[in-house]
Amino acid sequence: MKTKTVLKTFTVWFCVALIGVVVLSFTGQFFAPGNSAAVIRFPAGILLVLLVPFLFWGRAKLLAIVACGAALVALVPLGMGYFQSNVPCEGPCLTLYQKNLMSKSWPRTPLAEEIIASQADVITLQEVSDHNRKFMAPLFEAYPFSVICPFRPHQDVGVLTSLAVVDNTNFCVDGAGMAGVQVRTPEGQVVWVVSIHLEWPFPFDQFAQASLIEDKLQSMEGPILIGGDFNMVTWGGSVVRLAKAADNEPLGPYRNTYLSGRPYLPLAIDNVLVPKGVTGHVERRPRLASDHMGLLARIKLP
């Protein structure tokens, strides 16, 4: 077989596979592998764009047109998400700091000082370990209330707050990587604050875990603020499911938050979800020895 023929055949089948990835990436709400496909939707869309000229060169015009359509479907919503603007929070705002601490990272003092200096009203944490509780003791001492729930070994999830807590509302969900409590703002608003840490997507247990969290969110009454390490990109099915269950939406533009993401594979896996229609501003904060960036959200509650 001639080299040109081999190249054409490879290009066609590679393109078909990429189109399949894009289609699969929209099924994560219902089909676990769709979440894994969502993680690579961005590079799949870029590769499709790059392949189109070769498809026309190989006279696979119909496939080239389909590839263009799949690339648009993959990239346009992501572009809109990455380039949407933050809305400054004016007037009384609730401040939420979201952070995966990284269970055994060192040093810890700068991170504790960073979070305390933010003067966050509520803090959602993942990978809360004995190590972190010991070497970030000033952080835990600075906040009068905390709910810490067991998850993976040495990777608990937690919510800390300086706000008034509604009695007997703190909860954990066994095996779900979920902690929550209802708080009262100085303006008298009552809102749930929830911390979430999802497992990795398929072939790992994220899909089943998200079902547990989904059931809990659907049973909760009142507005919910969610901060978490979702181990899933903002546009992935698991995040979409949980946002829908809470009647929420992601706050702020899509941003890479994970060390391994970099520009080639944007991993917007740390997110703040707020009730639909709520405005606010999110900024990324330094990793400070974690493998995740922090998120500092200023939220204007209705």
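Residues numbered from 1 in each chain as written. Predicted model: local features only at pLDDT ≥ 70, side-chain atom pairs only at ≥ 80, totals over all residues. Heavy atoms only, no water.

## Structural notes on the nonpolar core
Keep this limit in mind: We call a set of buried Ala, Val, Leu, Ile, Met, Phe, Trp, Tyr and Cys residues a nonpolar core when their side-chain atoms join them within 4.5 Å. Per-residue accessibility, obtained with a 1.4 Å probe over protein chains only, is compared with the maximum for each type, and a residue is labelled buried under 20%, exposed over 50%, and partly exposed between these values. Each helix is a run of DSSP H or I of at least 4 residues and each strand a run of E of at least 2, with the numbering of both proceeding from the N terminus.
In this structure, M178, I196, L217, I226 and F230 are the most contacted members of the largest nonpolar core, which totals 32 residues. Breaking this core down by element, the ones donating at least two residues are α2 (33–39), α4 (61–83), β6 (171–173), β8 (190–197), α8 (206–219), β9 (224–229) and α9 (237–245). At 4 residues, the largest contribution of residues to this core is made by α9. Membership of the second largest hydrophobic core comes to 23 residues, among which are L94, V193, V272 and V274.

## Some thoughts on the state of the cysteines
Filter applied, for reference: To count as a disulfide, a pair of cysteine sulfur atoms needs to be within 2.5 Å.
Applying the stated rule across the entire model yields 2 disulfides. Through a disulfide, C89 is tied to C93; the S-S separation comes to 1.9 Å. Around the S-S axis, the bridge from C89 to C93 shows a dihedral of about -110° and counts as left-handed. For C93, a relative accessible area of 24% translates into the label partly exposed. Here C149 connects covalently by a disulfide to C172, the sulfurs 1.9 Å from one another. Disulfide C149 to C172: torsion about the S-S bond roughly -80°, handedness left-handed. With a gap of 23 residues between them, C149 in strand β3 (residues 145–152) and C172 in strand β6 connect regions that are remote in the sequence. Residue C149 is classed as buried on the basis of its relative accessible area, which comes to 2%. Exposure remark for C172: the relative accessible area of 39% places this residue in the partly exposed category. Described in terms of the sequence order of its bonded cysteines, the disulfide pattern of the protein is 1-2, 3-4. The structure places no disulfide on C68, whose sulfur is separated from the nearest cysteine sulfur, that of C15, by 9.0 Å.

Spatial relationships are all this shows, so hold off on functional conclusions.
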